[in-house]
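Each chain, letter by letter, is given below.
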Amino acid sequence: MSPVSSPLFLGLDLSTQQIKAVLISQDAVITHESSVRFSEDLPHYSTTNGAYYGPDKGEVTSPVAMWLEAMDLLMQRMKDTGVDFSRIAAVSGSGQQHGSVYWSHESDAMLDGLDPAEPLLQLCPHAFSKQRCPIWQDSSTTRECRELEHAVGGPQALADLTGSRGYERFTGTQIKRIRRIAPDIYNASAHISLVSSFMPSLFLGKIAPIEIADASGMNLMNIMTSKWNDVLLDAAGGSELRAKVGPEPVLGGTHLGTVHCYWVKRWGFSPECIVAPFTGDNPATVVALSAPGDALLSLGTSTTYLLSIPPASTPPKCFTTSHLLAHPTTPGAHIAMLCYKNGALAREQVRDRFCHASWTAFNQYLESAPPGNNGYSGLYFPIEEIIPPNVLGEFLFKADPKDLNALPERTDAIPHTAHPRAIVESQFLSILSRVAAILPSGAAPLQRLVITGGASANETIRRACADMFGLPTYMCATKEAAAMGGALLAKFAWWRAQNGGGTYEEMSGGELPGMTCVAEPKVPRETYEALLPRYRLCEEEVVRVGTLEGGGLPTN
Ligand SMILES: Nc1ncnc2c1ncn2[C@@H]1O[C@H](COP(=O)(O)OP(=O)(O)OP(=O)(O)O)[C@@H](O)[C@H]1O
Ligand SMILES: O=C(CO)[C@@H](O)[C@H](O)CO
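What counts as what
- Residues numbered from 1 in each chain as written.
- Chains lettered and ligands numbered in written order.
- Predicted model: local features only at pLDDT ≥ 70, side-chain atom pairs only at ≥ 80, totals over all residues.
- Heavy atoms only, no water.
- Near = heavy atom within 4 Å.
- Polar contact = N/O pair within 3.5 Å; in protein donor to acceptor, adjacent residues only side chain to side chain.
- Areas by Shrake-Rupley, 256 points an atom, 1.4 Å probe, with all protein chains shown as cover.
- Helix = DSSP H or I, 4+ residues; strand = E, 2+ residues; numbered from the N terminus.
- Expected span 1.5 Å × (residues − 1).
- Buried < 20%, exposed > 50% of the residue type's maximum accessible area, 1.4 Å probe, protein only.
- Contact = heavy atoms within 4.5 Å.
- Nonpolar A, V, L, I, M, F, W, Y, C, P; charged D, E, K, R; others polar.
- UniProt positions renumbered as here; feature names shortened; annotations may be inferred.
- Pairing = 2+ DSSP bridges.
- Axes fitted to C-alpha atoms, helices over the stretch in contact; angles between N-to-C directions.
- Core = buried A, V, L, I, M, F, W, Y, C linked by side-chain atoms within 4.5 Å.
- pLDDT = per-residue confidence, 0-100.
- Phe/Tyr/Trp six-rings, centres within 6.5 Å; stacked < 30°, edge-to-face > 60°.
- Lys NZ or Arg CZ within 6 Å of the ring centre and 35° of its normal.

Remarks on the site of ligand 1
Line of reasoning, step 1. Around ligand 1 there are 17 residues in total, and T16, Q18, K20, T301 and E348 lie nearest to it.
Line of reasoning, step 2. The side chain of N458 places a nitrogen or oxygen atom 3.0 Å from a nitrogen atom of ligand 1.
Line of reasoning, step 3. When isolated, ligand 1 has an accessible area of 660 Å², and the protein chains bury 85% of it.
Line of reasoning, step 4. Of all the secondary-structure elements, those providing two or more residues to the shell around ligand 1 are β2 (18-24) and α14 (344-354).

Brief notes about helix α18 (residues 481-499)
Turn by turn, an α-helix covers 3.6 residues, leaving residues three or four places apart pointing in a common direction.
Line of reasoning, step 1. Helix length check: α18 (19 residues) gives 26 Å between terminal C-alpha atoms against 27 Å at 1.5 Å per residue, within 8%.
Line of reasoning, step 2. Within α18, 15 of the 19 residues are buried, which leaves the element mostly enclosed by the surrounding structure.
Line of reasoning, step 3. At the exit of α18 stands G500, carrying a positive phi of roughly 65 degrees.

Thoughts on the environment of M475
Line of reasoning, step 1. Mapped onto the elements, M475 comes out in strand β23 (residues 473-476).
Line of reasoning, step 2. What makes M475 buried here is its relative accessible area of 10%.
Line of reasoning, step 3. Spatially, the C-alpha atoms of M475 and G453 are 9.9 Å apart, while their sequence positions differ by 22 residues.
Line of reasoning, step 4. Apart from residues no more than four positions distant in its own chain, M475 is found in contact with I451, S456, R462, G514, M515, T516 and V518.

Digging into the site of ligand 2
Line of reasoning, step 1. Around ligand 2, a shell composed of Q96, Q97, H98, W136, R169, D281, N282, S302, T304, M337 and C339 is seen.
Line of reasoning, step 2. When isolated, ligand 2 has an accessible area of 290 Å², and the protein chains bury 98% of it.
Line of reasoning, step 3. Residue composition of the shell around ligand 2, by class: 3 nonpolar, 6 polar and 2 charged.

Here's the deal with unusual backbone geometry
Outside of glycine, negative phi angles account for most residues, and trans bonds account for most peptide bonds.
Line of reasoning, step 1. The linkage connecting G54 with the following residue, P55, adopts the cis geometry, with an omega of 5 degrees.
Line of reasoning, step 2. With respect to the helices and strands, P55 occurs in the loop between β4 (52-53) and β5 (60-63).
Line of reasoning, step 3. Despite not being glycine, N219 has its phi angle at roughly 60 degrees, a positive value.
Line of reasoning, step 4. Examined against the element boundaries, N219 turns out to sit in the loop between α9 (212-215) and β10 (221-222).
Line of reasoning, step 5. With a phi angle near 55 degrees, A357 is a residue other than glycine that sits in the positive phi range.
Line of reasoning, step 6. Following the sequence through the fold, A357 ends up in the loop between α14 and α15 (359-368).
Line of reasoning, step 7. Under the relative-accessibility criterion, A357 is labelled partly exposed at 48%.

Topic: the UniProt feature "domain: Carbohydrate kinase FGGY C-terminal" (unreviewed entry) in the protein
Line of reasoning, step 1. Per the UniProt record, "domain: Carbohydrate kinase FGGY C-terminal" (unreviewed entry) is annotated on residues 296-494.
Line of reasoning, step 2. Span residues 296-494 is 33% helix and 23% strand, its end C-alpha atoms 27 Å apart.

Some words on the sheet that holds β5
Line of reasoning, step 1. Read from one edge to the other, the open sheet built from 3 strands follows the order β4-β5-β8, with strand pairing classed as antiparallel. The two strands at the open ends of the sheet, each matched to only one other strand, are β4 and β8 (132-134).
Line of reasoning, step 2. Where β4 lies against β5, 2 bridges are found, and the strand directions are antiparallel. Within β5, the residue paired with Y53 across the bridge is V60.
Line of reasoning, step 3. Contacts between helix α2 (residues 64-80) and the sheet are confined to β5 and β8, with β5 contributing the most and set at about 45 degrees to the helix.

Some remarks on the pairing of strand β1 (residues 8-14)
Line of reasoning, step 1. In terms of residue burial, β1 counts as a mostly covered element, since 7 of its 7 residues are buried.
Line of reasoning, step 2. Where burial is concerned, the two faces of β1 agree: the one with L8, L10, L12 and L14 and the one with F9, G11 and D13 are both buried.
Line of reasoning, step 3. In the sheet, β1 pairs with strand β6 (residues 88-95) via 7 bridges, with the strands oriented parallel. Within β6, the residue paired with L8 across the bridge is I88.
Line of reasoning, step 4. Inspection of the sheet shows β1 paired to β2 by 6 bridges, in the antiparallel sense. The residue of β2 that forms the bridge with L12 is A21.
Line of reasoning, step 5. With antiparallel pairing between neighbouring strands as the criterion, β1 and β2 make up a hairpin whose turn holds 3 residues.

A short note on the nonpolar core
Line of reasoning, step 1. Counting residues in hydrophobic clusters, the biggest one holds 117 residues, and the most contacted among them are L297, Y305 and F428.
Line of reasoning, step 2. The dominant element in this core, judged by the number of residues it contributes, is α18, at 11 residues.
Line of reasoning, step 3. With residues near it in sequence (within four places) discarded, F428 still touches L297, L299, I461, A464, C465, M468 and F469.
Line of reasoning, step 4. Counting residues in hydrophobic clusters, the runner-up holds 60 residues, among them Y45, A65, C124 and A127.

Considerations on the side chain of D294
Line of reasoning, step 1. Turning to its location among the elements, D294 is positioned in strand β15 (residues 294-299).
Line of reasoning, step 2. Of note is the side chain of D294, whose polar atom sits 2.7 Å from the side chain of R448.
Line of reasoning, step 3. Not counting chain neighbours up to four residues away, the residues in contact with D294 comprise L289, L307, L446, R448 and V450.

Details of the confidence of the model for the protein
Line of reasoning, step 1. Model confidence for the protein is summarised by a mean pLDDT of 94, while 97% of its residues fall at 70 or above.
Line of reasoning, step 2. Below pLDDT 50 for its whole length, residues 550-556 participates in 20 contacts with residues either more than four positions away or in separate chains.
Line of reasoning, step 3. Reported confidence for the predicted complex is 0.97 by ipTM and 0.95 by pTM.

Brief notes about the packing of aromatic side chains
Line of reasoning, step 1. Counted under the stated rule, the structure contains 18 aromatic pairs.
Line of reasoning, step 2. Here the aromatic cluster, defined as three or more aromatic residues joined through ring pairs, consists of F85, F203, Y262, W263, W267, F269 and F278.
Line of reasoning, step 3. In this structure, R165 is placed above the aromatic ring of Y167, and the distance from its NZ or CZ to the ring centre is 4.0 Å.
Line of reasoning, step 4. Taking the ring centre of W359 as reference, the NZ or CZ of R351 above it sits at 4.8 Å.

Here is the structure:
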């Protein structure tokens, strides 16, 4: 039995623009939330929304020192608000998926010897062989994607094996590129962590194994067995890669060990505090919010649409247009996912260019136009997109508003008030046009949409979700679902230690945190379904010309 009385469970989410902490009690009630925003709280790193764009085409990285300093500051903020660290019985969390951290040959000794008198920043630069970590927005590895697909027989074969065709942001392709362009860095890397395994490594004072749901975002793991695939490891990193990525991926809720004495001495953690694997932010959101019949829409920096797939006798199909991930807590279960890079930051650009940098004006313009936006459409890709693949730039169209089958025509401009509805409609119609394909066969119709992430704070966007997806739309008390999922995974590890094992469902009894209905659909479902053919024509045109035209965020 853990000696921690009135235990609390800590969930951390290291995301694109910030790091967040959620503390929950044993009955899953949130007792504390804090965060550190990278660009505002740590401006000396001079990132754009937490990232560096460039110098090479498509390259996007974040400094590992910034993540460490953010962790130090987050702990300080928690302490300043009176958090009693000694009550934390277990810690887990989530990280932006796909991002990778490169540890030097000195890292084992440096982690083991963490000095409680110093902040975590003491690990920089020597514990790392690479100071800038590739993150999920990176699109510099198209060549490696094709090579990895070729190694196993093409895109569909790679999807069947790993749950996804070759994707630029996936860690296997990232590792492969680093090995090609910087073999010295690759050779100097003793271990390679995901963002999600980097965090527990800090708590353990040694390298943590990678967790199965997040390992699904690497193009290196067999999606049906959750074991590394040797052909892919070899193709991405040669025979040395298996040692660098560590042991076989582990299930969420695994007891990895207790916190290193650094945490006990510096912050007052209990020496019994359990460290559990962190997962990806999207799987953690599924842990926090998903019940059968729910679709999840995460409106963070990225937009993701997630469906939980229970274990079935027939394994789910894998597609080259969506992702299949291993479920973090339920062996044999999976998560189907659509992921878009141009979510929040693209909407912010529209807000800043056409709505006086105000969400109020953005909302007013969005509400003042009818479904179909008087025939105006806009697809906005300031950074290279995932769906449709590799498109970049801004594409505006005008069509006869009354004739839904009329061919939309490219145009240089649309009224500035038409942009907010144009971006929200094109982003959500893109998902809507793909939902049927990823629903598991024989699944009952979806009952509700659960939304989370930064933009779920916006009432007008919530109403647009309900109307466009044709589903009552719900939210949890916290919009920090990924950190909440992390806290629940911490509790799961503690509960298993108390009970000598058990399933997540046994622990939770199927209970989810309280949800509130924030919007009911106000227009018939057919209203937006009728717009799909026009949307598809616009998307086809974008795919035809999109990779040839310019666009993009400034490079640092
Ligand atoms: N009122 C609002 N209306 C619309 N969007 C908003 C509003 N408030 C915040 N946002 C959006 O939320 C975004 C941040 O979302 P979130 O905090 O979920 O990001 P994140 O956790 O860094 O992302 P990710 O989980 O994808 O890595 C901001 O970039 C902003 O565009
Ligand atoms: O790339 C993806 C998922 O595949 C993003 O959603 C990141 O997890 C950042 O949040």
